Amino acid sequence: YAPITIEGTPIKMSRILFLNYNKHNAEPAKLRHESFVRDINSVVKENERISDDIESSTAHAFCRKWLERYSEKLNLDEVRLIDKDDKNSILNAVIEPRWKKYYTDTMPKSIITDIDSLYNYKEESMLNWEQFFVSAKFIDSELLPEFVKSCIEKYEAIKRTLKVFDFIDFIKEFVRLMKTDAEFKQTVTDRYNIVIADEAQDFTALMNEILFTMQTPHTKIIAVGDTDQTIYSFRGVSPDNILQMSKTLSNCDLLTLETNYRCPSKIVEAAKAILNLNILRFDKEIKYVREGGNISFKAYSNENEKYAFLLKYLANRTDTELENTVIAFRNNDSSFILAEEMYYAGIPYILKDTNKPFTNDIFTRIYHVLDALSTRDDITLNYNLWHVLPISKSTWSDIIEENKKHRITDIRDYRFDNFKLPDSFFLTYSTLLQISTQIDQISCSQYIHSIFDYFRKYYYNFAYKVLPGLTDTMKKKQELADLYMERALKFFNRDITFSAAKLEFSRSQRQATNAVTLSTFHALKGLEFSTVIAVDMIDSIFPNYSKIEQLYPVNTAMEEKESENRLCYVLITRAMENLILLYDERNPSVYIQILKDKAKDVVTLDDAIINKMDISVPGDLSSRMRFINRMMSR
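Residues numbered from 1 in each chain as written. Predicted model: local features only at pLDDT ≥ 70, side-chain atom pairs only at ≥ 80, totals over all residues. Heavy atoms only, no water.

A. Up close: the overall build of the protein. In terms of regular secondary structure, the protein is built from 27 helices and 16 strands. A principal-axis box enclosing the C-alpha atoms of the protein has dimensions of 85 × 70 × 50 Å. By residue count, 50% of the 634 residues in the protein fall in the buried class. Partitioning the contacts of the protein with sequence separation of at least 6, the portion at a separation of at least 24 is 76%. Total accessible area computed for the protein in this model is approximately 31,200 Å², and 49% of it derives from carbon and sulfur atoms. Treating the 83 positive side-chain charges of the protein as one cloud and the 92 negative ones as another, the clouds have centres 1 Å apart. (Helix = DSSP H or I, 4+ residues; strand = E, 2+ residues; numbered from the N terminus. Buried < 20%, exposed > 50% of the residue type's maximum accessible area, 1.4 Å probe, protein only. Contact = heavy atoms within 4.5 Å. Areas by Shrake-Rupley, 256 points an atom, 1.4 Å probe, with all protein chains shown as cover. Lys, Arg positive; Asp, Glu negative; His and termini not counted. Charge placed at Lys NZ, Arg CZ, Asp CG, Glu CD.)

Here it is in structure tokens:
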């Protein structure tokens, strides 16, 4: 399709629209199209050559462009995106009084992000309140329905009053105009002959409305996606979005892509065994083009054994093998431990969508306390000392501000005459000054236990204190905090000076090259590696069917279980040669037995050497296998 030429100008406009789910794909998609057209034009006659012009954009950017061009239809002078800081201020102002109304405890810092995420999920999924409140996303938030509804409705009202847009509003308003304004719809659809939706399995219900409203007799819609790789349910994405396309779009033809060119036969057959658990998918037979592949299993009895195995395995890999290996986690909370241990062992790594080592909240607070004791006269750093002092944060801030008036910035010169402070403060402060005078000469191990004792006594025990009636989410945060304390102590309790520790910390934050990749399962989509090592193959973590059944209504639980199965499929099909599955022998994932049955020639790993041997099935798998069989029999 030749581009539209604007009469009297050299300007040409595309007739093909390429909608991307991810903004990082927009420009590469355009370049791939231009390269493809070049190849075609190199082998055809000159009068048969085709245009390489294409408009490549994300759905949000595309809608925003058209709204800005026709802002008068919205009764606006301009289409203004809400500033991030303004948005946080508005959400805080909305949430804080409502939190006080519905709750008695302190409002958590994360609540602004939580409400924003819930709002986007509801709008992207096009759910009414009744549907929203039975969704896994809302149930997982553990928030009161009336609280969330009140916050979201007030936030929307404020946006309307201020005449500002959130990203989600670009799509909502575009779709509304396409449905209600015939002139706008004709102008938009006349522009394009073809609309291509790439990675359509990641399009939300609201994004699909763009496609539905743009189809006309002269505008064709092409959606390319794999329902089996729909893994972003927490963003409002469902395989049903694609499944419904054939019913909603007129004159729709369904073409299935059934051949897997990446994975060898054993990997493909294993992936199919997982997909066979699902009902919500297109019925297609996945084929492979090459034989082979390896699926191996490694059981461990405790976490230390797991990490020891991984380190030993990686230490025996060549640089090329490391570069083509990924270690994947269900949750990124556990990935930082391996990253830290790999740092200690000198094994290079690249992080993808996982937590960096030595960057959790507790490590950062301890680090800043030590940095303040080392620097002594940096007021910004000095504020952090309240974490290890027996006074409130506000009192310590007042002390700093008072000394600042007298141009006193060094903690060794601070005056406290105007403050009524407990004796424990002066005893603690004296110890901190002693550490400060020696911190550059002695090893961290000689004083770090004192720092941790103060930190635990004056901050940690209050910030992470055990309370009755904790929710599962709060318990998890508390358990993580205990782990963070343990890991931070390990880093600092060594025979190195703090200046050396600072240098090590700086080095640990650099991304290596020619290194093993650490990734969450979700972040693997679209990638491929010779070797995939899956770590969290534990029943209570992945897929955790029993918890899903307990938490959610029947229909929601079904959707969540199928979502976990699809995630397992994506994980397996990242492997081009080798798939290695690590699991706790006391609590193996149900997927382990399914994959062992499919692997036939089961192999286990021992000291990084693959040996063939028979594996007996753990007895506690029987009940979970009965559940799998129920799913397969439907």
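B. Examining the packing of helix H8 (residues 167-180) against helix H9 (residues 182-191) more closely. Contact geometry of H8 with H9 gives a least axis separation of 6 Å together with a crossing angle of 110°. Comparing the axis directions of H8 and H9 gives the class roughly perpendicular. Here Phe174, Leu177, Met178 and Thr180 of H8 lie close against H9, whose contacting residues are Ala182, Phe184, Lys185, Val188 and Thr189. Its residues assigned to classes, the contact of H8 with H9 comprises 6 nonpolar, 2 polar and 1 charged. (Axes fitted to C-alpha atoms, helices over the stretch in contact; angles between N-to-C directions. Parallel < 35°, antiparallel > 145°, perpendicular 65-115°, else oblique. Nonpolar A, V, L, I, M, F, W, Y, C, P; charged D, E, K, R; others polar.)

C. Just the nonpolar core, in detail. If you look at the biggest cluster of nonpolar residues, it comprises 77 residues, and the most contacted ones within it are Ile327, Trp396, Ile451 and Phe492. Beyond its immediate stretch of four places on either side in the chain, Trp396 contacts Asn382, Tyr383, Leu385, Trp386, Leu389, Ile391, Tyr414, Phe416, Phe425 and Tyr429. Within the second largest apolar cluster, 61 residues are counted, among which are Tyr103, Ile168, Met178 and Ile221. (Core = buried A, V, L, I, M, F, W, Y, C linked by side-chain atoms within 4.5 Å.)

D. Representation of helix H13 (residues 265-275). Of all 11 residues in H13, 9 are buried, a share of seventy percent or more. Elements in contact with the buried residues of H13: strand S7 (259-260), strand S8 (287-288), strand S9 (294-300), helix H25 (554-572), strand S14 (575-584) and helix H26 (590-599).

E. Summary view of the packing of helix H17 (residues 361-375) against helix H21 (residues 448-463). The N-to-C vectors of H17 and H21 enclose an angle of 120°; their axes lie 11 Å apart at closest approach. On the basis of their axis angle, the class for H17 and H21 is oblique. At the point where H17 passes H21, the crossing takes the right-handed sense. Between H17 and H21, the contacting residues are Asp361, Ile362, Arg365, Ile366, Val369, Leu370 and Leu373 on the first element and Ile448, Ile451, Phe452, Phe455, Tyr459 and Tyr460 on the second. Of the residues in the contact of H17 with H21, the class split is 11 nonpolar, no polar and 2 charged. (Left-handed = near helix turned anticlockwise from the far one by under 90°.)

F. Representation of a nonpolar patch on the surface in the model. The grouping of Ile222, Val224 and Leu257 at the surface amounts to a nonpolar patch, some 280 Å² of accessible area in total. With respect to the helices, strands and loops of the structure, Ile222 is situated in strand S6 (residues 220-224). A relative accessible area of 39% places Ile222 in the partly exposed class. (Patch = residues over 30% accessible without salt bridge, like charges linked within 9 Å, V, L, I, M, F, W, Y side chains within 5 Å. Salt bridge = Lys/Arg side-chain N within 4 Å of Asp/Glu carboxyl O.)

G. A look at the side chain of Asp228. With respect to the secondary-structure elements, Asp228 resides in the loop between S6 and helix H11 (240-243). Beyond its immediate sequence surroundings of up to four residues, Asp228 is in contact with Leu275, Arg281, Lys284, Ile286, Arg566, Tyr569 and Val570.

H. Region of interest: the pattern of salt bridges. Enumeration over the complete set of coordinates arrives at 37 salt bridges. Two residues, Lys87 and Asp116, come together in a salt bridge whose shortest N-O distance is 2.9 Å. Of this pair, Lys87 sits in helix H3 (residues 84-102) while Asp116 is found in helix H4 (residues 111-125), placing the two residues 29 residues apart along the sequence. Both residues of the pair, Lys87 and Asp116, count as buried. The partner of Glu577 in a salt bridge is Arg290, and the shortest N-O contact between them spans 2.9 Å.

I. Inspection of the sheet that holds strand S3 (residues 16-20) at higher detail. Pairing in this open sheet of 4 strands is parallel, and the strands run S4-S3-S5-S6 from one edge to the other. Of all strands in the sheet, those bounded by a partner on one side alone are strand S4 (55-58) and S6. Looking at each pair of strands side by side, their axes are set apart by 20° on average, direction ignored. Both strand S5 (residues 194-198) and S6 contribute to a ladder of 5 bridges, which runs parallel. In the strand pairing of S6, Asp198 is matched with Val224. (Pairing = 2+ DSSP bridges.)

J. Highlighting H8. The first and last C-alpha atoms of H8 sit 21 Å apart over 14 residues, in line with the 20 Å expected at 1.5 Å per residue. Turning to H8, its buried residues number three or more, namely Ile168, Asp169, Phe170, Ile171, Phe174, Val175, Leu177 and Met178. The elements touched by buried residues of H8 are helix H2 (59-69), H4, helix H7 (145-162), H9 and helix H10 (205-214). (Expected span 1.5 Å × (residues − 1).)

K. Just unusual backbone geometry, in detail. A cis amide bond links Phe542 to the next residue, Pro543, at an omega of 10°. Topologically, Pro543 is positioned in the loop between strand S13 (529-534) and helix H24 (545-551). At Glu199, a position not held by glycine, the phi torsion is positive, near 55°. Mapped onto the elements of the fold, Glu199 is located in the loop between S5 and H10. Residue Glu199 is classed as partly exposed on the basis of its relative accessible area of 31%.

L. Structural detail: the packing of aromatic side chains. Counted according to the given criterion, the structure contains 48 aromatic pairs. Relative to Tyr70, the ring of Trp66 has its centre 6.2 Å away and its plane inclined at 5°; by these criteria the two rings are stacked. Summarising the burial analysis for this pair, Trp66 and Tyr70 share the class buried. Arranged with centres 6.0 Å apart and planes meeting at 80°, the rings of Phe416 and Phe426 form a pair that is edge-to-face. With Phe416 in the loop between helix H19 (393-405) and helix H20 (423-438) and Phe426 in helix H20, the pair connects residues that are 10 residues apart, well separated along the chain. Judged by relative accessible area, which is 13%, Phe416 ranks as buried. Each member of the aromatic cluster is reached from another via a ring pair, and the members are Tyr343, Tyr344, Phe358, Phe363, Tyr367, Phe491, Phe492, Phe498 and Phe505. Its guanidinium or amino end placed over the ring of Tyr232, Arg235 lies 4.3 Å from that ring's centre, counting from NZ or CZ. Directly above the aromatic system of Tyr460 lies the positively charged group of Arg456, at a separation of 5.3 Å from the ring centroid. (Phe/Tyr/Trp six-rings, centres within 6.5 Å; stacked < 30°, edge-to-face > 60°. Lys NZ or Arg CZ within 6 Å of the ring centre and 35° of its normal.)

M. Representation of the environment of Asp453 within the structure. Within the element layout of this structure, Asp453 appears in helix H21. A relative accessible area of 52% places Asp453 in the exposed class.

N. A look at the pairing of S3. Among the 5 residues of S3, 5 are classified as buried, and the element is accordingly described as predominantly covered. Neither face of S3 is exposed, since Ile16, Phe18 and Asn20 on one face and Leu17 and Leu19 on the opposite face are all buried. Across 4 bridges, S3 lies against S5 in parallel orientation. Bridge pairing links Leu19 to Ala197 in S5.

O. Focus on the pairing of S4. The alternating pattern of S4 places Glu55 and Ser57 on one face and Ser56 and Thr58 on the opposite face, and all of these are buried. Note that S3 and S4 share 4 bridges and pair parallel. Considered in S4, the bridge of Phe18 is made with Ser56.

No statement about biological role is implied by the geometric values presented.
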